[in-house]
Amino acid sequence: MYVLCCPCVLNPGLRAEGITRASDIELFRRSIERCKQFSIEMVPLPCPETLYLGLRRKPGTFLERLNTPAFADLIDTLEQDVLRIIDERGPPLCILGVNSSPTCGVTSTYYGSTDEKPPKREGRGVFLSRFPGIPAMDVSLFARYRVYLAAPLFSEAERDYNAALARLMETNLFSVHLPQEAGDDSESRGKPVQEQIFYGNKKALEGADLVVAVIDGADADSGTAWEMGYAAGLKKPVIALRTDFRMAGQHEHVNLMLEISSTVVTSRKALLAALHSPLPAR
């Protein structure tokens, strides 16, 4: 299993001068970390901008710097190089791109101003657009893979369901914190153990990229509701899984404070889509 990746993910020095922020470096680091954790090989794409303009270059749009016959010939050649890699290795899991890049943007690219349109527009950069049949992910999404699973855990059925959900997400290349595995769940536990569990889970929530919350039942579990609220306060994305068909109101699946602060999905397939699983839908 491998990904094709924008080369600046592995070598930020390839980027135009002055555009790399500490947050970019962190996204690159976590993307690499995810690949290492799940044994995904990272195969760098060639960098058309570096090959054409050199290492020390100022930022610019495609129309300003790259809209020439010579550059078009270059990416024709590089496209063939990449297709040879794919022929040899088979299809990649996806392409990791960097949004806004004139060449390697995934959903946005600095193309340049035409007909009074802003220079930044939706769509892939000019190099990634050569591979429309290969899924592409921006590093900001790919780097978001640490999940906190908030769910009731007081019966064997609940714990089995939580474990199955965790396995599903781990199979889809997510690292999952499962609170039921984090400490003693017996009713006779003392205050020190309670505090250890509370602060351990709180720390895991703070370190997670997003929260998946199971909100089945007539009302959401109180501990799950607390975890969802704390995550919302930390401005972390919350995906609420509710397979229960009962409604809390005419337009609400569950308590409106929980629903408005989360993305509610009703199936495991929809959960993986909301998580932006890099694996093909199965």
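Up top you'll find the structure we're talking about.
Residues numbered from 1 in each chain as written. Predicted model: local features only at pLDDT ≥ 70, side-chain atom pairs only at ≥ 80, totals over all residues. Heavy atoms only, no water.

Let's shift gears to the packing of aromatic side chains. For the coordinates displayed, the defined rule picks out six aromatic pairs. A ring pair is formed by Phe127 and Phe131, whose centres lie 5.6 Å apart and whose planes are at 80°; its orientation type is edge-to-face. Put simply, the rings of Phe198, Tyr199, Trp226 and Tyr230 touch in pairs and so form one group of aromatic residues. Here the basic side chain of Arg34 rests over the ring of Phe142, its NZ or CZ set 4.8 Å away from the ring centre. Residue placement shows Arg89 over the ring face of Tyr2; its charged tip is 5.3 Å from the ring centre. (Phe/Tyr/Trp six-rings, centres within 6.5 Å; stacked < 30°, edge-to-face > 60°. Lys NZ or Arg CZ within 6 Å of the ring centre and 35° of its normal.)

Right, let's talk about the environment of Val214 for a bit. As for its position among the elements, Val214 is in strand E9 (residues 210-214). With 25 residues separating them in the primary sequence, Val214 and Ile239 have C-alpha atoms 8.7 Å apart. Those residues within four positions of Val214 in sequence are excluded, and the remaining contacts are Leu149, Ala150, Ala151, Pro152, Tyr161, Asn162, Leu165, Thr224 and Leu241. (Helix = DSSP H or I, 4+ residues; strand = E, 2+ residues; numbered from the N terminus. Contact = heavy atoms within 4.5 Å.)

Moving on: the nonpolar core. Ranked by internal contacts, the top residues of the largest apolar core, which has 59 residues, are Leu149 and Leu275. Sort the elements by how many residues they give to this core and helix H4 (residues 69-89) lands first, with five residues. Counting 14 residues, the second-largest nonpolar core is a separate cluster that includes Leu205, Ala231, Val238 and Ala240. (Core = buried A, V, L, I, M, F, W, Y, C linked by side-chain atoms within 4.5 Å. Buried < 20%, exposed > 50% of the residue type's maximum accessible area, 1.4 Å probe, protein only.)

Here Arg89 lies in helix H4. For Arg89, a relative accessible area of 42% puts it in the partly exposed group. Considered as a pair, Arg89 and Met1 are 88 residues apart in the sequence and their alpha carbons are 9.1 Å apart. Dropping the residues within four chain positions of it, Arg89 is found in contact with Tyr2, Glu41 and Val43. Within the structure, the side chain of Arg89 is placed 3.0 Å from the side chain of Glu41, a separation counted as a polar contact. (Polar contact = N/O pair within 3.5 Å; in protein donor to acceptor, adjacent residues only side chain to side chain.)

Okay, the sheet that holds strand E8 (residues 175-177) next. The five strands are arranged E8-E7-E9-E10-E11 in an open sheet whose pairing can be described as parallel. Looking at which strands have only one partner, the edges of the open sheet turn out to be E8 and strand E11 (263-265). Across this sheet, the average inter-strand angle for adjacent strands is 25°, counted without regard to direction. Of the pairings in the sheet, the one linking strand E7 (residues 146-150) to E8 comprises three bridges and is parallel in character. (Pairing = 2+ DSSP bridges. Axes fitted to C-alpha atoms, helices over the stretch in contact; angles between N-to-C directions.)

So, on to the packing of helix H6 (residues 156-171) against helix H10 (residues 268-275). Contact pair H6 / H10: the axes reach a minimum separation of 11 Å and the direction vectors enclose 45°. Accordingly, the angle class assigned to the pair H6 and H10 is oblique. Handedness of the crossing formed by H6 with H10: right-handed. Residues Tyr161, Ala164, Leu165, Leu168 and Met169 of H6 form the contact with H10, whose participating residues are Arg268, Leu271, Leu272 and Leu275. (Parallel < 35°, antiparallel > 145°, perpendicular 65-115°, else oblique. Left-handed = near helix turned anticlockwise from the far one by under 90°.)

Attention now goes to the pattern of salt bridges. All told, the structure shown has 14 salt bridges when counted by the stated rule. The partner of Asp76 in a salt bridge is Arg130, and the shortest N-O contact between them spans 2.8 Å. Placement of Asp76 in helix H4 and of Arg130 in the loop between strand E5 (120-122) and strand E6 (136-138) is noted, with a sequence separation of 54 residues between them. The salt bridge partner of Arg130 is Glu79, with a shortest N-O separation of 2.6 Å. Of this pair, Arg130 sits in the loop between E5 and E6 while Glu79 is found in helix H4, placing the two residues 51 residues apart along the sequence. For Glu79, a relative accessible area of 17% gives the class buried. (Salt bridge = Lys/Arg side-chain N within 4 Å of Asp/Glu carboxyl O.)

Moving on to the side chain of Thr50. Inspection of the secondary structure puts Thr50 in helix H2 (residues 48-53). With relative accessibility at 16%, the residue Thr50 sits in the buried group. Among all residues touching Thr50, those that are not within four sequence positions of it are Leu14, Leu55 and Arg57.

Spatially, four strands are ordered E2-E1-E3-E6 in an open sheet, and the strand pairing comes out parallel. Edge positions in the sheet fall to strand E2 (41-44) and E6, since each of these pairs with one other strand and no more. Strand-to-strand twist across the sheet, computed as the mean angle between neighbouring axes with direction ignored, equals 30°. Of the pairings in the sheet, the one linking strand E1 (residues 2-5) to strand E3 (residues 95-97) comprises two bridges and is parallel in character. Each residue of the ladder has a partner; that of Leu4, found in E3, is Ile95. Where H4 meets the sheet, it contacts E1 and E2, and its direction lies at approximately 180° from that of E1.

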